[in-house]
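# Summary of the model geometry
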Amino acid sequence: MIKRLFMGIDGGGSTLRVAIVDENLDESSSLAAGAVNPSIVGRDAARERIQEGVLQSMRLADIQQEDIAAVGIGIAGASNLHSEDWLRETLKPALPSAHIVASSDLEIALVGALGQRKGLLVLAGTGSAVFGVSTAGRRLQVGGWGYLLGDQGSSFWIGTQLLKHVATTFDIGGERSMTALGRACLDKLGLTAPRELVAWVYRSEQAPAVRIACLAPFVLRRADAGDELARDILRGAARHLAEQLETIRRRVNDYEAPIAFAGGLLESDNWLSSELAKRLNLPARPAAKYPPVVGAALLAMIEWSAIHKL
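The model shown is predicted, which means the values in this text are computed figures rather than measured ones.

## Observations concerning the pattern of salt bridges
Applying the stated criterion to the full structure yields 17 salt bridges. One salt bridge connects E84 with R88, and the closest N-O pair in it is separated by 3.1 Å. Of this pair, E84 and R88 both sit in helix α3 (residues 80–91), four residues apart, roughly one helical turn. Its relative accessible area of 33% is what places R88 among the partly exposed residues. In this structure, the salt-bridge partner of E228 is R235, at a minimum N-O distance of 3.3 Å. Overlapping salt bridges, with partners in common, bring together E107, R117, R139 and E303 in one network.

Okay, here's the thing in structure tokens:
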């Protein structure tokens, strides 16, 4: 019996992941590398990193190109809704004989979390969005407009709210009005005065979205430690994400579909994931069956099997 292999590629705002699995979803290779969101690093750099990640994962597993039956790919900032041709052109040189399933970071996360191409997904990582596939097969996305137009409830949004808190409290009353959260933020960044944030945000070679998003874990830790101002920021994030999910439910008219969480902010138990679960009347944070990178491979397997009637 021929052993077929499937590749999954998950490109988030900060990390590229590549996995190769067999038909039982047992991994034979996995790899993690840097950011590949073309909106952040540029299309040329993203293409180069994705291709190198694909080739390196096959080298690690001693697998040839022709061994991969199909590959599924979902890249933040390059959804198949607007970048399908670019996704295919990026993969074709590295995997010329594989069936390519160009998808989105949202869909592969949904398929991985629920093990099926149906349900509702709330994703909050560097960016944020809500994605759903109804029982009737209707697909819909709310959010995911990127850090300049949206991404409410994301790591970038949370980091931005923290920095705005520092700036606003300083403007209101100077140094004497600084809160414990604001001072702790400056200490974490190695800054001595609030005005130094201008250089920290705007004069770095690193993309602002990634740089600011890295502050979210700090806010989570402060919230877990009881800081009410940090919790207020996270309450706002949870409210935005819950509102987007309710919009999806209303628009597809499906209130019974299973719900999944994904993204760095929601894939573990913390103050935000607990608050969001509470707002959605869930007994606990829904745990994913598989990570998004395996979801990408599973999506490739589903489409390949449908084509070959297996």
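This is not the end of the story, as more comes after the structure.
## Some words on the environment of E267
Structurally, E267 can be placed in the loop between β9 (259–262) and α11 (271–279). For the pair formed by E267 and Q206, sequence separation is 61 residues and the distance between their alpha carbons is 25 Å.

## Digging into the layout of surface pockets
Here the second largest pocket defines a volume of roughly 400 Å³. Lining the second largest pocket are 17 residues, with L163, A167, L197, V201 and Y202 positioned closest to its centre. Here the lining of the second largest pocket takes seven residues from helix α5 (residues 155–173), the largest share from any one element. Of the residues belonging to the lining of the second largest pocket, the class tally is 13 nonpolar, one polar and three charged.

## Some thoughts on the state of the cysteines
In total, this model carries zero disulfides according to the counting rule given. Cysteine C185 remains unbridged, with the sulfur of C214 as its closest cysteine sulfur at 13 Å.

## Observations regarding α5
Taking 1.5 Å per residue, 19 residues should reach 27 Å; α5 reaches 28 Å between its end C-alpha atoms and fits that length. With a side-chain oxygen positioned 3.3 Å from the backbone nitrogen of F156, the residue opening α5 is S154. Within two residues after α5, G174 carries a phi angle of roughly 70°, on the positive side.

## Quick word on the sheet that holds strand β7 (residues 128–133)
The strand order β8-β7-β6-β9 describes an open sheet built from four strands, whose pairing is mixed. Both outer strands of the open sheet, β8 (139–143) and β9, are each paired with one neighbouring strand and no more. Averaged over all adjacent pairs, the angle separating strand axes in this sheet is 15°, with direction ignored. Across six bridges, the pairing between strand β6 (residues 119–124) and β7 is antiparallel. Bridge pairing links L121 to F131 in β7. Contacts between helix α10 (residues 228–252) and the sheet are confined to β6, β7, β8 and β9, with β8 contributing the most and set at about 150° to the helix.

## What about the pairing of β7?
The element β7 is extensively covered by neighbouring structure, given that six of its six residues are classed as buried. Along β7, one buried face is formed by S128, V130 and G132 and the opposite face, lined by A129, F131 and V133, is buried too. Between β6 and β7, which follow one another and run antiparallel, lie three residues. Bridging between β7 and β8 involves five bridges; their strand directions are antiparallel. Note that in β8 the partner of G132 across the bridge is L140. Between the end of β7 and the start of β8, which pair antiparallel, lie five residues, with G137 showing a positive phi angle near 90°.

About the cut-offs
Residues numbered from 1 in each chain as written. Predicted model: local features only at pLDDT ≥ 70, side-chain atom pairs only at ≥ 80, totals over all residues. Heavy atoms only, no water. Salt bridge = Lys/Arg side-chain N within 4 Å of Asp/Glu carboxyl O. Helix = DSSP H or I, 4+ residues; strand = E, 2+ residues; numbered from the N terminus. Buried < 20%, exposed > 50% of the residue type's maximum accessible area, 1.4 Å probe, protein only. 1 Å grid on protein atoms, 1.4 Å probe; cavity = no way out; pocket = protein on both sides within 12 Å on 5 of 7 lines; lining within 4 Å. Points joined across faces, edges and corners; volume = space filled by probe spheres on them. Nonpolar A, V, L, I, M, F, W, Y, C, P; charged D, E, K, R; others polar. Disulfide = S-S within 2.5 Å. Expected span 1.5 Å × (residues − 1). Polar contact = N/O pair within 3.5 Å; in protein donor to acceptor, adjacent residues only side chain to side chain. Pairing = 2+ DSSP bridges. Axes fitted to C-alpha atoms, helices over the stretch in contact; angles between N-to-C directions. Contact = heavy atoms within 4.5 Å.

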